[in-house]
Amino acid sequence: MEVVRNIGLRSFLLSFILFFSVCLLYYINSVLKTEGHYIYPLDDAYIHLAMAKNFALYEVWGMTKYQFSSTSSSPLFTYMLSVLIKIFGNNDQIPLYFNVIFSIGILYVLSEYYAEVFKEVKKTALAVLFTAFFIVLPLNILSGMEHVFQVFLFVVNIFCFSHYKDKKLAVFGFYFSLLLMGLVRFESMFYFVILAFMFAFVRKWKEALFVLLLGFIPIIAFCACNYQQDGYFFPNSVVVKGTKLSLDANILGQLKVILLDNLLLNISFYKIGIFPLLLCLVFVSRDFKTKTVKEVLKDNFLLIVFSLVMICHAMFADLKGLLRYEAYILTGFCMVLIPRCKELFFNFTDYIKKESLVSLFIAANVFLMLYKCWVAHPIMSNGGKNIYEQQVQSAKFLHQFYNTSKVVANDIGAVSYYTNIHLLDIAGLGSVETIHFNENKKAFDQKFGIFLSKYCLDHQYDIAVVYEGWMQGYVPSYWKKAGTLKIEDKITVARLEVSIYSINTKNLEELKQNIKKFNWNKNVTVTIIE
């Protein structure tokens, strides 16, 4: 045991050096393009920061300090950020430090886990690094969001499950990680249900009950509180982006979306999930030839669990989220598939000859890893530059001239975090008033145009900072465009051009003058509409 622990520690140190060397290079490259301050490559990171800031400083769970809004899709992560802000002060780098710490935890637990499989430093480190890059962990760290914490909980959960029968501490770790998962990402519910189903299938009723109780009690408690505040059980982002299945007249259309659009006809499913699934299928189908059903389920327990989780996630969640939403599933696949293929690490040539089909699928997964790293490269290199030139510049402009004004926006993270504006979010993430117009990927219609026009008049909004294309032709007639902000090389922003409108038209000329006076980044092309 001491030998294995020593191998794990040495493997961890080797993996740590190699992995964080890559992360550090991307960090430096990004900082050099954002005037010396690290900027996250996704505006979503600033949504968590805005809510954490408001909860820590003003005790308001919302995008602004003025009202409740259940915008965060990861309540526990946002709450933890708020605690850190309360302790260390309002620092926008806190999510990055948080992710670095938990990514170190991921590398350490993976090293201990794989050391028990390979009992050799280099092979253990190779397995750790493959897992880290297969889930594109560097991108998840630098994105400043909750997915690193989610992966950490799954790594701990699987590691503890592997020692479930021989260590009491492992039992605690297994159930405690389940307790936290649901409030880090709501997709964890797929894991709870399927895990409990598998436990029940092998007649482990106590474990099945514990999984359901510990997994769902925190979620139910949060949803009950959420419903009391805004009438929705889940956060706004889940309501707006989630796939619905309701037993009404539109059920056939919903089934078409779930089974065809989200799964069978979803190219991302084939790029992300098909090869791990095929590997699982090979191993499980082989066992059916020589083992009973009970033995197959027992010996392939987590293989089956994560295969079903991948399918459920594709149907009801999101596989197009810039390589982050599926990271927890791919971590599970690595941790259960790599030990099944360990002979490849010791007898490479013989294994390929003996296991040609498995080797083909392994090669496909290696290619998949390289492909995802290639896709992630421009995001890590220039994503922060995009956000800095568009969202952060817009936020600084608002902070200087309209810090407490009433603003309509669509990308709400940075403009909310760096200011104290009153916000109306047309996308529905930060404003419950507009959720109805965005549910189930709905397109805006005339009702939205009438609502927006009336709402902004009734509540005396001042300006709008929006993508004109997102308005889908429903810009209120009395809004007057004051100017546009255009950047180059779209990587992580939705549009190259942001439009600034005067809603209170008495201030149109003042708005134009403020746009002219602001010291915009040199890469932002500013056009005043005369």
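Residues numbered from 1 in each chain as written. Predicted model: local features only at pLDDT ≥ 70, side-chain atom pairs only at ≥ 80, totals over all residues. Heavy atoms only, no water.

As a further point, take the packing of helix 7 (residues 147–162) against helix 8 (residues 168–184). In the contact formed by helix 7 and helix 8, the axes pass within 8 Å of each other and the chain directions differ by 155°. What the angle tells us is that helix 7 and helix 8 run roughly antiparallel. Along this stretch, helix 7 crosses helix 8, giving a crossing that reads as left-handed. Where helix 7 approaches helix 8, its residues Phe149, Gln150, Leu153, Phe154, Val156, Asn157, Cys160 and Phe161 are matched on the opposing element by Ala170, Gly173, Phe174, Ser177, Leu178, Leu180, Met181 and Val184. Its residues assigned to classes, the contact of helix 7 with helix 8 shows twelve nonpolar, four polar and no charged. (Axes fitted to C-alpha atoms, helices over the stretch in contact; angles between N-to-C directions. Helix = DSSP H or I, 4+ residues; strand = E, 2+ residues; numbered from the N terminus. Parallel < 35°, antiparallel > 145°, perpendicular 65-115°, else oblique. Left-handed = near helix turned anticlockwise from the far one by under 90°. Contact = heavy atoms within 4.5 Å. Nonpolar A, V, L, I, M, F, W, Y, C, P; charged D, E, K, R; others polar.)

What follows deals with the environment of isoleucine 491. Note on placement: isoleucine 491 falls in the loop between strand 4 (480–486) and strand 5 (497–502). Put simply, isoleucine 491 and leucine 110 are 381 residues apart on the chain and 32 Å apart in space, counted from C-alpha to C-alpha.

Where helix 14 (residues 274–290) meets helix 16 (residues 301–316), the closest approach of the two axes is 10 Å, and the angle between their N-to-C directions is 145°. Taken as a pair, helix 14 and helix 16 cross one another with a handedness that is left-handed. Here Leu277, Cys280, Phe283 and Val284 of helix 14 come into contact with helix 16, specifically with Leu303, Ile304, Ser307, Met310 and Ile311. The class makeup of the residues in the contact of helix 14 with helix 16 is eight nonpolar, one polar and no charged.

Okay, the side chain of asparagine 226 next. With respect to the secondary-structure elements, asparagine 226 resides in helix 10 (residues 205–230). Sequence-distant contacts of asparagine 226, that is, excluding residues within four places in its chain, are made with Phe68, Ser70, Gly231, Tyr232, Phe233, Phe234 and Pro235.

A positive phi angle is found at glutamine 460, which is not glycine, with a value near 55°. Looking at the secondary structure, you find glutamine 460 in the loop between helix 23 (446–458) and strand 3 (463–466). On the basis of relative accessible area, glutamine 460 is assigned to the exposed category, the value being 61%. Located in the positive-phi region is aspartate 489, a residue other than glycine, with phi close to 60°. With respect to the secondary-structure elements, aspartate 489 resides in the loop between strand 4 and strand 5. (Buried < 20%, exposed > 50% of the residue type's maximum accessible area, 1.4 Å probe, protein only.)

What follows covers the pairing of strand 5. In terms of burial, strand 5 is a largely internal element, five of the six residues being buried. Judged from the four bridges that link them, strand 3 and strand 5 form a sheet pairing that is antiparallel. Bridge assignment links valine 466 to a residue of strand 5, and that residue is serine 499. (Pairing = 2+ DSSP bridges.)

This part is about a nonpolar patch on the surface. The grouping of Leu252, Leu255, Leu259, Leu260, Leu264, Leu265, Ile267 and Tyr270 at the surface amounts to a nonpolar patch, some 760 Å² of accessible area in total. Secondary-structure elements contributing two or more residues to the nonpolar patch are helix 12 (251–264) and helix 13 (267–272). Here the element with the most residues in the nonpolar patch is helix 12; it accounts for five residues. You can call leucine 255 partly exposed: its relative accessible area is 33%. (Patch = residues over 30% accessible without salt bridge, like charges linked within 9 Å, V, L, I, M, F, W, Y side chains within 5 Å. Areas by Shrake-Rupley, 256 points an atom, 1.4 Å probe, with all protein chains shown as cover. Salt bridge = Lys/Arg side-chain N within 4 Å of Asp/Glu carboxyl O.)

Scanning all chains against the criterion turns up zero disulfides. Summary of cysteine pairing: cysteine 341 is not part of a disulfide, and the nearest cysteine sulfur, belonging to cysteine 280, is at 9.4 Å. Relative accessible area serves as the criterion here: at 6%, cysteine 341 is assigned to the buried category. (Disulfide = S-S within 2.5 Å.)

Turning our attention to empty space enclosed by the protein. Summed over all chains, the structure comprises two cavities of 30 Å³ or more. Taken as a whole, the largest cavity holds about 70 Å³ of empty space. Gln390, Gln391, Ser394, Asn410, Asp411, Val415, Val465, Val466, Tyr467 and Val498 together form the lining of the largest cavity. Looking at the lining of the largest cavity, the elements with two or more residues in it are helix 20 (356–401) and strand 3. Considering only residue class, the lining of the largest cavity consists of five nonpolar, four polar and one charged. The volume enclosed by the second largest cavity comes to roughly 40 Å³. Contributing to the lining of the second largest cavity are Lys53, Asn54, Met63, Thr64, Lys65, Ser416, Thr419, Asn420 and Ile421. (1 Å grid on protein atoms, 1.4 Å probe; cavity = no way out; pocket = protein on both sides within 12 Å on 5 of 7 lines; lining within 4 Å. Points joined across faces, edges and corners; volume = space filled by probe spheres on them.)

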